[in-house]
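Spelled out, the chains give:
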Amino acid sequence: MTGQTSDHTATSDAPPIDVLVAGGGYVGLATAVAVKAAAMHLRVLVIDASPPGSWKKDPRASAIAAAAARMLNRLGCWQPILPEAQPINEMIVTDSRTSDPVRPVFLTFDGEVVSGEPFAHMVENRTLNAALHAKAGELGVEIIEGVGVDSFDVGANTVAVHLSDGLVFEARLLVAADGVRSRLRDRAGIKTVQWDYGQSGIVCTVHHERPHNGRAEEHFLPAGPFATLPLRGNRSSLVWTERTRDAERIVKQDDFLFEADLEQRFGHRLGQIKVEGPRRAFPLGLMLVREFVKPRFALVGDAAHGIHPIAGQGLNLGFRDAAALAEVIVETDRLGLDIGSLAALERYQAWRRFDTVQMGVTTDLLNRLFSNDITPVRAIRDIGLGLVDRMPRMKQFFIRQASGLTRNTPRLLQGEAI
């Protein structure tokens, strides 16, 4: 147990938890911290099924959009992250085959939303998680690790949350942040729309001889996008999309063969490359929920949506959920109303539903458009990329979209307090 949790007992005589978050990943922690920071009198508990401290071993990295960085800064989490964060100063887009000797650049983006503010930073997951855990402990968010939520029963005024160790907590609101295969979503009876792309994303970190200068690259290859994202030092995080059967074969190769396949896609611009740490492959698909909420129950993050990583927006969509739900909870509480009522939660659902469907459809269309080698389609998309590259206002629009600073953005994502 971490945070403020010690001798936890849950009895019918104990005061109920105001907000119980099931899932201690970035989005679950961000939701808990955002609520507690704005309403210190509310009792917030996080139940994390992962083994204690396992987040410290996460080798992956994530793109943190400008809006999410503003939220983390407002919550007091960004300053400890910033020394380890790598700003993305530039992004280029190519469209080619792996056998092509030259990869023509069709689209380039400068990396600033406004002067001095990059549209995104790359942050290693353990750094992000450490900052959120530290702030949760500072604010008095209670955390129980190594125990999962088995089930829950919704009553008139509270929801009884049953843990895998036999404890039962009464809460006014249960927030499910338990991932794309959410058991709690299924138990709530929330239906989904989903399909498999037949692709997997290979994720790893590489060290290279020459500096990247903060440049991110997205290479559209016939099997799917190959993205190189800059990390601190001469390192980059890779998201390499392949057909699932090929991805499984590639990941199982020895280091020499894996790096040979990787070099064919990565190129020689940054000199010799060397894989650091483990490499993993994750199946890719689209998953959107039909409902975000039920009485005393709300979904956030991957439990509510799973999209293709082609635009790097998965985690940032989750942070938008966290900011929106926290704002709804806090404002409902300030009015003296029930934070777990369906009337309150439907405002959150209305706020987030269109954004997630729009992003899901956009990434789906982009993946279908670019993950193929059909000559007429390739010609049309390359002309389109070239036209966008000659339209500064259009490019600025795409940068704003990628930064998360869109219309109707929750206050935290604008850098404002709730």
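Residues numbered from 1 in each chain as written. Predicted model: local features only at pLDDT ≥ 70, side-chain atom pairs only at ≥ 80, totals over all residues. Heavy atoms only, no water.

**Some remarks on the overall build of the protein**
As a reminder of what qualifies: The helix count covers DSSP runs of H or I at least four residues long, the strand count covers runs of E at least two residues long, and both are numbered beginning at the N terminus. Contacts are assigned to residue pairs that have any heavy atoms within 4.5 Å of one another. Charge assignment: positive for Lys and Arg, negative for Asp and Glu; neither His nor the chain ends contribute. Note that the charge is assigned to NZ on lysines, CZ on arginines, CG on aspartates and CD on glutamates.
Scanning the protein from terminus to terminus reveals 11 helices and 22 strands. For the protein, the C-alpha atoms occupy an extent of roughly 70 × 45 × 40 Å along the three principal directions. In the protein, of all internal contacts separated by at least 6 residues, the share reaching a separation of at least 24 is 75%. Side-chain charges in the protein split into 47 positive and 49 negative, and the spacing between the mean points of these groups amounts to 3 Å.

**Quick look at the nonpolar core**
To keep it simple, the criterion reads: The term nonpolar core refers to a set of buried residues drawn from Ala, Val, Leu, Ile, Met, Phe, Trp, Tyr and Cys, joined through side-chain atoms within 4.5 Å. Burial classification: accessible surface area is computed with a 1.4 Å probe over protein chains only, and a residue below 20% of its type maximum counts as buried, one above 50% as exposed, and the rest as partly exposed.
Grouped together as the largest cluster of nonpolar side chains are 104 residues, with contacts concentrated most on L20, I64, L128, F297, F319 and Y348. With 10 residues, the single largest contributor to this core is helix 8 (residues 314-334). If we skip the residues at most four places from it in the chain, L20 touches L45, I47, V161, F169, A171, L173, L174 and V175. Ranked by size, the runner-up nonpolar core spans 16 residues in total, among them L221, F226, L238 and I250.

**Remarks on the pattern of salt bridges**
To be explicit about the condition: Just to be clear on terms, a salt bridge is a Lys or Arg side-chain nitrogen sitting within 4 Å of an Asp or Glu carboxyl oxygen.
As enumerated under the stated definition, the model contains 23 salt bridges in all. Between E259 and K274 there is a salt bridge, with its nearest N and O atoms 3.9 Å apart. Of this pair, E259 sits in helix 7 (residues 255-266) while K274 sits in strand 19 (residues 273-289); the two residues are 15 residues apart in sequence, bridging distant segments of the chain. Exposure remark for K274: the relative accessible area of 48% places this residue in the partly exposed category. Here R296 ties to D338 by a salt bridge, and the two come within 2.4 Å at their closest N and O atoms. With R296 in the loop between strand 20 (293-294) and strand 21 (297-299) and D338 in the loop between helix 8 and helix 9 (342-370), the pair connects residues that are 42 residues apart, well separated along the chain. Given the relative accessible area of 4%, R296 is considered buried. Sharing partners across several salt bridges, the network here consists of E124, R126, R235 and E276.

**Considering empty space enclosed by the protein**
How we decide: Only protein atoms enter the 1 Å grid used here, on which a cavity is any set of points holding a 1.4 Å probe that cannot leave and a pocket is any open set flanked by protein within 12 Å on both sides along at least five of seven lines; residues with an atom within 4 Å of a point are listed as lining. Grid points are joined across faces, edges and corners, and a volume is the space filled by probe spheres set on the points.
In this structure the tally under the stated criterion is one cavity of 30 Å³ or more. Quantified by volume, the largest cavity comes out at close to 40 Å³. For the largest cavity, the full set of lining residues is A65, A67, A68, N316, F319, R320, S403, G404 and L413. Elements that contribute at least two residues to the lining of the largest cavity include exactly helix 2 (66-74) and helix 8.

**Structural notes on the confidence of the model for the protein**
Here is the rule we go by: How sure the predictor is of each residue is captured by pLDDT, a score from 0 to 100.
On average, residues of the protein score 91 in pLDDT, and 94% of them reach the 70 mark or higher. Low pLDDT, under 50, characterises residues 1-9; the stretch is placed with 23 contacts to residues that sit more than four places away or in other chains.

**Quick look at helix 6 (residues 244-252)**
Inclusion rule: Think of it as the arc spanned by the lines of direction from the helix axis to the C-beta atoms.
For helix 6, the full list of buried residues reads D246, A247, I250 and V251. For helix 6, the arc enclosing every buried residue in end-on projection is 130 degrees, short of the 170-degree limit, so these residues lie on one face. Counted as exposed and oriented over 90 degrees from the buried face of helix 6: R245 and K252. If you follow the buried residues of helix 6, they end up packed against strand 15 (192-208), strand 18 (235-243), helix 7 and strand 19.

**As for the packing of helix 1 (residues 26-38) against helix 8**
Note the threshold: Lines fitted to C-alpha atoms define the axes, with helix axes restricted to the stretch in contact, and inter-axis angles between N-to-C directions lie between 0 and 180 degrees. Here roughly perpendicular refers to angles of 65 to 115 degrees, roughly parallel to angles under 35, roughly antiparallel to angles over 145, and oblique to all remaining angles. A clockwise turn of the near helix away from the far one marks a right-handed crossing, whereas an anticlockwise turn of less than a right angle marks a left-handed crossing. Gly counts as polar in this scheme, as do all residues outside two lists: the nonpolar Ala, Val, Leu, Ile, Met, Phe, Trp, Tyr, Cys and Pro, and the charged Asp, Glu, Lys and Arg.
Where helix 1 contacts helix 8, the axes come no closer than 9 Å and their chain directions differ by 30 degrees. As far as their axial angle goes, helix 8 and helix 1 are roughly parallel. Where helix 1 crosses over helix 8, the two elements pack in a sense that is right-handed. The segment helix 1 lies against helix 8, with Y26, V27, A30, T31, A34, V35 and A38 engaging L315, G318, F319, A322, L325, A326, I329, V330 and R334. Considering only residue class, the contact of helix 1 with helix 8 consists of 13 nonpolar, two polar and one charged.

**Overview of the packing of aromatic side chains**
To be explicit about the condition: By convention, a stacked pair of Phe, Tyr or Trp rings (six-membered ring in the case of Trp) has centres within 6.5 Å and planes under 30 degrees apart, an edge-to-face pair has planes over 60 apart, and any other such pair is tilted. Two conditions define a charge located above a ring, namely a distance within 6 Å from the ring centre to NZ of Lys or CZ of Arg, and an angle within 35 degrees of the ring normal.
Considering all chains together, one arrives at five aromatic pairs under this definition. With a centroid separation of 5.9 Å and 75 degrees between ring planes, the pair formed by F226 and W240 is classed as edge-to-face. Separated by 14 residues along the polypeptide, F226 in strand 17 (residues 224-231) and W240 in strand 18 bring together distant segments of the chain. As far as burial versus exposure is concerned, F226 and W240 are alike and both buried. The interplanar angle of 80 degrees and the centroid separation of 5.8 Å between the aromatic rings of F292 and Y348 together place this pair among those described as edge-to-face. Here Y348 lies in helix 9 and F292 lies in the loop between strand 19 and strand 20, a separation of 56 residues in the sequence. Take F292 and Y348: they sit in the same class, and that class is buried. Grouping aromatic residues by their ring pairs yields a cluster made of F226, W240 and F258. Taking NZ or CZ as reference, R279 lies 4.2 Å from the ring centre of F258, over its face.

**Considerations on the sheet that holds strand 10 (residues 120-124)**
Using the following cut-off: At least two bridges found by DSSP between two strands are what make those strands a pair.
Strand order in this open sheet of three strands is 4-10-5, and the pairing throughout is antiparallel. Among the strands making up the open sheet, the edge pair consists of strand 4 (61-65) and strand 5 (86-87). One ladder, built from five bridges, connects strand 4 with strand 10; its direction is antiparallel. The residue bridging I64 from the neighbouring strand is H121, located in strand 10. Of the strands in this sheet, strand 4 and strand 10 are in contact with helix 2, which crosses strand 4 at around 90 degrees.

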